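# Descriptive analysis of the structure
Residues per chain are reported as follows:
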Amino acid sequence: MRIHLSSVFVDDQDKALRFYTDVLGFVKKTEVPLGQHRWLTVVSPEDLDGTELLLEPDGHPAVKPYKEALVEDGIPATSFAVDDVAAEFNRLRELGVLFTQEPLEMGEVTTAVLDDTCGNLIQIVHSK
């Protein structure tokens, strides 16, 4: 068994697609119209057949309070692996990305946490 799909709830699919592709560097994999929304996924350009991230609309009544509670407590919705947290932090900060946690070394792991502009905190991580 392996992870095929994961999702992040977003408040605006168009804005999320721009952020996740133009800023974070993912590529769009799937876009299927579903009424007023879409089945919209992105993948890493390094693994086009790898795990897909669904940019899922946050319209369900339970989602907004859930997202707000996570952000209020500083808990990331998901985590993305990078080769160098400090370099990625600097690259993204130059693009105007807001970080709620600057790079932090914790033994064998370095993390940073960013705001995805769609209502989520996202962690970037590198393990030695």
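By the naming in an unreviewed UniProt entry, the chain goes by VOC family protein and is assigned to Kribbella alba.

### Notes on helix α2 (residues 63-72)
An α-helical segment advances 3.6 residues per turn. Residues three or four places apart therefore align on the same side. Of the residues making up α2, those classed as buried are V63, K67 and L70. Along the axis of α2, the buried positions cluster into a sector of 65 degrees, meaning they face one direction only. For α2, exposure combined with an orientation more than 90 degrees from the buried face picks out E68 and E72. Close packing links the buried residues of α2 with β1 (5-10) and β8 (121-127). Positive phi shows up at G74, right after α2, with a value of about 75 degrees.

### Thoughts on unusual backbone geometry
The residue T117 is not glycine, and still its phi comes out positive at about 70 degrees. Mapping T117 onto the fold places it in the loop between β7 (109-115) and β8.

### Describing the pairing of strand β4 (residues 52-57)
With 6 bridges connecting them, β1 and β4 associate as parallel partners. Counterpart to S7 in the pairing with β4 is L54. Where strand β3 (residues 37-43) lies against β4, 2 bridges are found, and the strand directions are antiparallel. Bridged to T41 within β4 is L54.

### A word on the sheet that holds β8
With mixed pairing, the 4 strands of this open sheet are ordered in space as β5-β8-β7-β6. For this open sheet the edge positions go to β5 (78-81) and β6 (99-106), each flanked by a neighbour on one side alone. If you compare each strand with its neighbour and ignore which way they point, the axes differ by 20 degrees on average. With 4 bridges connecting them, β5 and β8 associate as parallel partners. Note that in β8 the partner of S79 across the bridge is Q123. Seen against the sheet, helix α3 (residues 85-94) touches β6, β7 and β8 and runs at an angle of roughly 165 degrees to β6.

Calculation rules
Residues numbered from 1 in each chain as written. Predicted model: local features only at pLDDT ≥ 70, side-chain atom pairs only at ≥ 80, totals over all residues. Heavy atoms only, no water. Buried < 20%, exposed > 50% of the residue type's maximum accessible area, 1.4 Å probe, protein only. Helix = DSSP H or I, 4+ residues; strand = E, 2+ residues; numbered from the N terminus. Arc of directions from axis to C-beta. Contact = heavy atoms within 4.5 Å. Pairing = 2+ DSSP bridges. Axes fitted to C-alpha atoms, helices over the stretch in contact; angles between N-to-C directions.

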